[in-house]
Amino acid sequence: MTDRPTGTPPGDRAVRTYGEPGLHPRIEARGLTKRFGGATAVDDVYLTVGPGEVVGLIGPNGAGKTTLFNLLSGALKPDSGELNVNGVRATRLPPHRLAKLGLTRTFQLARELDRLTTLENVLLAAPNHPGETLRGAFFEPRATRRAEVEATVKAREILEIVGLSAKEATLAGHLSGGQKKLLELARCLMVDADTILLDEIAAGVAPHLVEEIAALVERLNREHGTTFVIIEHNVGIIRRLSSRVVVMARGAVLAEGSFADVASNPDVVSSYLGQAA
Ligand SMILES: Nc1ncnc2c1ncn2[C@@H]1O[C@H](COP(=O)(O)OP(=O)(O)OP(=O)(O)O)[C@@H](O)[C@H]1O
């Protein structure tokens, strides 16, 4: 196992530093590989994401982006390779343990949550949300009540940040596609994630809400230091948000660099951008 950062050849042992001594990369994936039957969906991927980066993950359909997200978020276990999150060994941890380390991904809201309000959806995302244990409710009612009040204050602050305050009493099922994306982000913030994997913010979302979501990502990154990895087919969004772009093709990292770097890479143009543009 080598320490090479994303996309650098195995022989290159360049070490990245992130300013403050002792500050670990948010994500450090080394040699992640996932096979489905005979097909290798993710093939020996190295990806290092530093604090405060916004990494755009692009590539043609079937390139392995979603599978890589699933490996990073713990939804899938790799066949081989290692994952560290904030310097802690995280290979094979389930999603809730990764969330405790600060890494989470947006999830499409489950159907059954459609019948809960926006505020209730955010409250439910909190780990050990108040009232979860009967024992606590029976034996420590005052502490449980206090925790409930604190969680509600926090959830309302988060709804304010994502711009959904006016919708707190609206059933999630009545939100638009874009508002649901904002709610998914709010749920990530409720678990205090410092790194959010964001899947397709623009797909099926009205243009003015795409703009609102993109502005929110920029604001969370700038003001809260939140790190993002974003899968997005909308090249304009990738260009706007990404401090670095990683291009996947056939399960592997094909190229990485600034948007201008990858956009002028002939391999990237022929395998992806030429079609996506
Ligand atoms: N659960 C699965 N079982 C079998 N094959 C799978 C499974 N999930 C993904 N694959 C295969 O792995 C490869 C990578 O798929 P993946 O969905 O990760 O690509 P992607 O880059 O996210 O594509 P898209 O942009 O279309 O979402 C594809 O060939 C896909 O058919």
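See above for the structure.
First things first, this report covers the structure right here in the doc. Since we're looking at a predicted model, the values are computed, not measured.

Describing the environment of Lys167
(1) Moving on: Turning to its location among the elements, Lys167 is positioned in the loop between helix H5 (141-162) and helix H6 (177-190).
(2) Moving on: The class of Lys167 is buried, set by 20 C-beta atoms lying within 10 Å.
(3) Moving on: In this structure, Lys167 is in contact with Thr118, Leu175 and Gln179, ignoring residues within four places of it in sequence.

So, the sheet that holds strand S2 (residues 39-49)
Adjacent strands of a sheet form backbone hydrogen bonds with each other and so pair up, either parallel or antiparallel.
(1) Moving on: Strands sit in the order S2-S1-S4-S5 across an open sheet of four strands; the sheet is antiparallel. The sheet is open, and its two borders are formed by S2 and strand S5 (88-89), each paired with just one other strand.
(2) Moving on: With two bridges joining them, strand S4 (residues 80-85) and S5 adopt antiparallel strand pairing. Note that in S5 the partner of Asn84 across the bridge is Arg89.
(3) Moving on: Along the sheet, helix H1 (residues 65-73) contacts strand S1 (27-36), S2 and S4; its crossing angle with S1, the most-contacted strand, is approximately 120°.

Some words on the site of the ligand
(1) Moving on: In the vicinity of the ligand, the contacting residues are Phe36, Ala39, Ala41, Gly59, Asn61, Gly62, Ala63, Gly64, Lys65, Thr66 and Thr67.
(2) Moving on: For the shell around the ligand, the elements supplying multiple residues, two or more each, are S2 and H1.
(3) Moving on: With three residues, H1 is the largest single contributor of residues to the shell around the ligand.
(4) Moving on: Here the residues of the shell around the ligand sort into four nonpolar, six polar and one charged.

Focus on the packing of H6 against helix H7 (residues 207-224)
(1) Moving on: In contact at an axis separation of 9 Å, H6 and H7 are set at 15° when each is read in the N-to-C sense. Between H6 and H7, the interaxial angle falls into the category roughly parallel. Handedness of the crossing formed by H6 with H7: right-handed. Across the interface between the two elements, Gly178, Lys181, Leu182 and Leu185 from H6 touch Leu209, Val210, Ile213 and Leu216 from H7.

Describing the nonpolar core
(1) Moving on: In this structure, Val122, Ala186, Ile230 and Val247 are the most contacted members of the largest nonpolar core, which totals 71 residues.
(2) Moving on: With seven residues, the single largest contributor to this core is H6.
(3) Moving on: Both domain 1 (1-102 + 193-277) and domain 2 (109-175) contribute no fewer than three residues apiece to this core.
(4) Moving on: If sequence neighbours within four positions are ignored, Val122 has contacts with Ala155, Ile158, Leu159, Ala186, Arg187 and Met190.

Rules used in this analysis
- Residues numbered from 1 in each chain as written.
- Predicted model: local features only at pLDDT ≥ 70, side-chain atom pairs only at ≥ 80, totals over all residues.
- Helix = DSSP H or I, 4+ residues; strand = E, 2+ residues; numbered from the N terminus.
- Buried ≥ 20, exposed ≤ 12 C-beta atoms within 10 Å, placed from the backbone.
- Contact = placed C-beta atoms within 7 Å.
- Pairing = 2+ DSSP bridges.
- Axes fitted to C-alpha atoms, helices over the stretch in contact; angles between N-to-C directions.
- Near = placed C-beta within 6 Å.
- Nonpolar A, V, L, I, M, F, W, Y, C, P; charged D, E, K, R; others polar.
- Parallel < 35°, antiparallel > 145°, perpendicular 65-115°, else oblique.
- Left-handed = near helix turned anticlockwise from the far one by under 90°.
- Core = buried A, V, L, I, M, F, W, Y, C linked by C-beta atoms within 7 Å.
- Domains from an automatic or database assignment.

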